[in-house]
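Overview (structure and organization)
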Amino acid sequence: MKDHRTDLRRAARTGQFILTSALGEKISAVEGLTLSGRMAALLSKGTAQGLSGDQRRAMVLETLRRK
């Protein structure tokens, strides 16, 4: 019998899977990828400010454009 995964969720409206930060980190770890110190600090700052996912993505893109 297959294990039932309770940590996988789907969006109610679209039915698409929701990839959380924790699941993204697990997937990246399997691939051998890690966040740089600069990116980890930037994401932590966005989370501390209470930004939404879209706002954090915009902040990352803006930071990368300024480089």
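Just above, that's the structure.
The structure presented is a predicted model; accordingly, all values stated were derived computationally and were not measured. (Residues numbered from 1 in each chain as written. Predicted model: local features only at pLDDT ≥ 70, side-chain atom pairs only at ≥ 80, totals over all residues. Heavy atoms only, no water.)

So, about the overall build of the protein. When you go through the protein residue by residue, the secondary structure sums to 3 helices and 2 strands. Every one of the 67 residues in the protein was classed for burial, and the buried ones make up 10%. Of the roughly 6,100 Å² of accessible surface on the protein, 56% is carried by carbon and sulfur atoms. (Helix = DSSP H or I, 4+ residues; strand = E, 2+ residues; numbered from the N terminus. Buried < 20%, exposed > 50% of the residue type's maximum accessible area, 1.4 Å probe, protein only. Areas by Shrake-Rupley, 256 points an atom, 1.4 Å probe, with all protein chains shown as cover.)

The topology assignment puts T63 in helix α3 (residues 53-66). According to the relative accessible area criterion, T63 is buried, its value standing at 16%. Sequence separation of T63 and L42 is 21 residues, and the distance between their C-alpha atoms is 8.9 Å. Once residues within four sequence positions are removed from consideration, T63 is found in contact with R38 and L42. (Contact = heavy atoms within 4.5 Å.)

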